[in-house]
Amino acid sequence: MLGARHSVGASSLAFDEDRVPGVVRPQRLLIDIKDAGITFDGKGGRVVAVEKLDAQIRTHEFVSIVGPSGCGKSTILRLIGGLARPTAGRIEIDGETPNEARLARRFGFVFQQSVMLPWRTAIDNVMLPSEVMAEATLKRRDEAMRLLERVGLKGYETLYPRQLSGGMRQRVAIARALSFRPQIMLMDEPFGALDALTRQKLHALLLELWEADRKTVLFVTHDVAEAVFLSDRVLIMSPRPGRIEEEVSVDLPRPRTDATRSLPGYLALVDRILARLIH
Ligand code: ADP
Ligand code: MG
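Residues numbered from 1 in each chain as written. Chains lettered and ligands numbered in written order. Predicted model: local features only at pLDDT ≥ 70, side-chain atom pairs only at ≥ 80, totals over all residues. Heavy atoms only, no water.

A. Region of the structure containing the overall build of the protein. In terms of helices and strands, the protein carries nine helices and nine strands. By residue count, 49% of the 279 residues in the protein fall in the buried class. Contacts in the protein between residues far apart in sequence, at least 24 positions, make up 70% of those at least 6 positions apart. Roughly 13100 Å² of accessible area belongs to the protein as shown, and the carbon and sulfur atoms make up 55% of that amount. (Helix = DSSP H or I, 4+ residues; strand = E, 2+ residues; numbered from the N terminus. Buried < 20%, exposed > 50% of the residue type's maximum accessible area, 1.4 Å probe, protein only. Contact = heavy atoms within 4.5 Å. Areas by Shrake-Rupley, 256 points an atom, 1.4 Å probe, with all protein chains shown as cover.)

Now the structure itself:
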């Protein structure tokens, strides 16, 4: 475990005043996880999915969680997002419980397989959450249009999910998550099912969106290169029962571009994290 854990959140990279003249975005603690764990009791006996989890995530940070399959990455996102309750320790989102934060719509969720209603067009899928919130239709439609444009889907609003490629469906999923106007994006291997080129395009899109409003992003992936490319910090998990074994600060300049992928510093970080996961 790194001794510097509690200071890395203040990484200067997560907050760069120079590129956003006049906009000051001081960071503060947003997600506070203390000694949290979850045990499942099932037919096959008890499964300690996550234990002794400690992490602090600050506003405007982009943090990734990497680890082998089954180590508890999705479970951690579910715990933070208020979709599962810890059986040990505690998690606070800006002083609220995860469930309170979920009910206050602080989270935008994006999963690997976006859940879309097949009988609704792209724009109607984006509008779904705000319909539940019963906002005025015209305003909702305008905002959904604007969001689809932001994710590069202008002109595709009236297509149905079956008419969209996997990458386009994930763009719709991002637009829909943003329609909640969330403070925190919780993304669970959102690009895991996409081909390499599409994934790179979505990396660029996600970073562009993040640079624009600096929502806190918690991004789960088993792709180490993806985690390094996107993040301010990478949390490395051990195999089950999942714990955070190490935190790595990604001190690479922003904005990140395709050129970032050939920087020696980038390659060294990817190697270092891979080596940590293998041992
Ligand atoms: P990852 O996302 O890293 O692949 P998960 O968080 O999905 O891992 O799962 C971690 C472990 O917890 C796995 O062994 C999984 O089988 C177990 N697990 C997750 N959810 C449940 C559940 N609802 N009931 C029982 N076991 C579960
Ligand atoms: Mg998972």
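B. Spatial organisation of the sheet that holds strand β2 (residues 45-58). Strand order in the open sheet made by the three strands is β2-β1-β4, with antiparallel pairing throughout. The sheet is open, and its two edges are formed by β2 and β4 (88-93), each paired on a single side. Ignoring strand direction, the axes of neighbouring strands in this sheet form an average angle of 20 degrees. Bridging between strand β1 (residues 29-42) and β2 involves ten bridges; their strand directions are antiparallel. (Pairing = 2+ DSSP bridges. Axes fitted to C-alpha atoms, helices over the stretch in contact; angles between N-to-C directions.)

C. Spatial organisation of the site of ligand 1. Taken together, F40, A49, P68, S69, G70, C71, G72, K73, S74, T75 and R240 make up the full set of residues near ligand 1. Separating an oxygen atom of ligand 1 from a backbone N or O atom of G72 is a distance of 3.0 Å. For ligand 1, the accessible surface in isolation is 560 Å², of which the surrounding protein chains cover 61%. Take the shell around ligand 1: its biggest share by element is three residues, from helix α2 (residues 73-80). Among the residues forming the shell around ligand 1, the class breakdown is four nonpolar, five polar and two charged. (Near = heavy atom within 4 Å. Polar contact = N/O pair within 3.5 Å; in protein donor to acceptor, adjacent residues only side chain to side chain. Nonpolar A, V, L, I, M, F, W, Y, C, P; charged D, E, K, R; others polar.)

D. Broad picture of empty space enclosed by the protein. The final tally for this structure, using the stated rule, is three cavities of 30 Å³ or more. For the largest cavity, the calculated volume is near 80 Å³. Taken together, I174, L178, M185, L206, L209, W210, D213, K215 and V217 make up the lining of the largest cavity. Looking at the lining of the largest cavity, the elements with two or more residues in it are α6 (166-178) and α7 (196-213). With four residues, α7 is the single largest residue contributor to the lining of the largest cavity. Of the residues contributing to the lining of the largest cavity, the split by class is seven nonpolar, no polar and two charged. (1 Å grid on protein atoms, 1.4 Å probe; cavity = no way out; pocket = protein on both sides within 12 Å on 5 of 7 lines; lining within 4 Å. Points joined across faces, edges and corners; volume = space filled by probe spheres on them.)

E. Layout of the packing of aromatic side chains. With the rule as written, the count across this model stands at five aromatic pairs. An angle of 75 degrees between the planes, with centres 5.8 Å apart, marks the rings of F62 and W210 as edge-to-face. Taken together, the residues span a long stretch of sequence, with F62 in strand β3 (residues 62-66) and W210 in helix α7 at a distance of 148 residues. According to the relative accessible area criterion, F62 is buried, its value standing at 0%. With 6.0 Å between their ring centres and 40 degrees between their planes, F62 and F219 make a pair best called tilted. (Phe/Tyr/Trp six-rings, centres within 6.5 Å; stacked < 30°, edge-to-face > 60°.)

F. Spatial organisation of the layout of surface pockets. Of the volumes computed, that of the largest pocket is approximately 500 Å³. What lines the largest pocket is a set of 20 residues, and nearest its centre among them are F109, F111, P129, R176 and F180. For the lining of the largest pocket, the elements supplying multiple residues, two or more each, are α3 (98-103), β5 (107-111), α4 (122-132) and α6. Considering only residue class, the lining of the largest pocket consists of 15 nonpolar, two polar and three charged. Within this model, the second largest pocket holds a volume of roughly 190 Å³. The wall of the second largest pocket is formed by L79, G82, L83, A84, R85, P86, R90, I91, T97, P98 and N99. Residue assignment for the lining of the second largest pocket shows that the elements contributing at least two residues are β4 and α3. For the lining of the second largest pocket, the per-class residue count stands at six nonpolar, three polar and two charged.

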